[in-house]
Amino acid sequence: MTEVEIPGPEPDWQLATQPPYGTGKNPAYQYSIWEHSAPLFQMIGVLALSVQPVAQRLRLHVERSWDGLDELDVVLFRLDGFSFAISKHDGNPLGVSYVWLTQPHEQADMALDTLLAVVGIDEEAVTFRGDPREDPAEQTATARDAGSPDGVSGTTLPTSLWARFRRAIGTTSPTP
């Protein structure tokens, strides 16, 4: 069999992983496994901690990846019938980690509660519950206790989940 020789890249081609994608001379755009998979996942919450403590508790291996935003740490695992992913981008505000279900599930709150119980942390570690990618125009949030970010209990709030999410991770200030 004859060896096939492939020429090197053209000198004016940018890296295939380098933004702005599709605007340079390189005809290829490379995306990561995480970037490919994450849009299929259901976000169920945000934790006020990094991926490493959860991984250590469960003896998981933290994978290093990247996507169109920046580098990230991620773990994917099954726990009590739920398939989870926990991710933390290097640029996340306040060092928060996102909790995902790798397969959408109707009992997302139960999944998050299961994770908290097994990891041994309480509700105070949760800065947000829900999926901010859902249509915020159709969403309202219900405060669960007096310690909620809105300081009210058992009340339906007019604030969208997306607005509460941004406030919880520190990208906007609460309105008075």
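Residues numbered from 1 in each chain as written. Predicted model: local features only at pLDDT ≥ 70, side-chain atom pairs only at ≥ 80, totals over all residues. Heavy atoms only, no water.

Caption draft 1: Geometry of the environment of threonine 17. Mapped onto the fold, threonine 17 is located in the segment before α1 (33–37). Judged by relative accessible area, threonine 17 falls into the partly exposed class, the value being 30%. In the structure, threonine 17 is positioned 51 residues away from glycine 68 in sequence and 8.0 Å away in space, judged by C-alpha atoms. Ignoring any residue separated from it by four or fewer positions in sequence, one finds threonine 17 in contact with Gln30 and Trp66. (Helix = DSSP H or I, 4+ residues; strand = E, 2+ residues; numbered from the N terminus. Buried < 20%, exposed > 50% of the residue type's maximum accessible area, 1.4 Å probe, protein only. Contact = heavy atoms within 4.5 Å.)

Caption draft 2: Quick peek at the packing of aromatic side chains. What the rule picks out here adds up to six aromatic pairs. Ring geometry for tryptophan 34 against phenylalanine 41: centres 5.6 Å apart, planes inclined by 70 degrees, an arrangement best described as edge-to-face. Phenylalanine 41 carries the same exposure label as tryptophan 34, and that label is buried. Ring geometry for phenylalanine 41 versus tryptophan 100: centroids 6.4 Å apart, planes at 65 degrees, classification edge-to-face. With phenylalanine 41 in the loop between α1 and β1 (42–47) and tryptophan 100 in strand β5 (residues 97–101), this residue pair connects regions lying 59 residues apart in the sequence. Classification of tryptophan 100 as buried rests on a relative accessible area of 8%. Members of the aromatic cluster, each reached through a chain of ring pairs, are Trp34, Phe41, Tyr98 and Trp100. (Phe/Tyr/Trp six-rings, centres within 6.5 Å; stacked < 30°, edge-to-face > 60°.)

Caption draft 3: Molecular detail of the nonpolar core. Counting 22 residues, the largest nonpolar core has Ile44, Phe77, Phe84, Ile86, Val99, Leu101 and Leu115 as its most contacted members. Broken down by secondary-structure element, the contributors of at least two residues to this core are β1, α2 (51–58), β3 (71–79), β4 (82–89), β5 and α3 (108–119). Here this core takes six residues from α3, the largest share from any one element. The contact partners of phenylalanine 77, leaving out residues within four places of it in the chain, are Leu58, Leu60, Phe82, Ser83, Phe84, Ile86 and Leu115. With twelve residues, the next largest nonpolar core counts Ala38, Leu72, Val74 and Ala85 among its residues. (Core = buried A, V, L, I, M, F, W, Y, C linked by side-chain atoms within 4.5 Å.)

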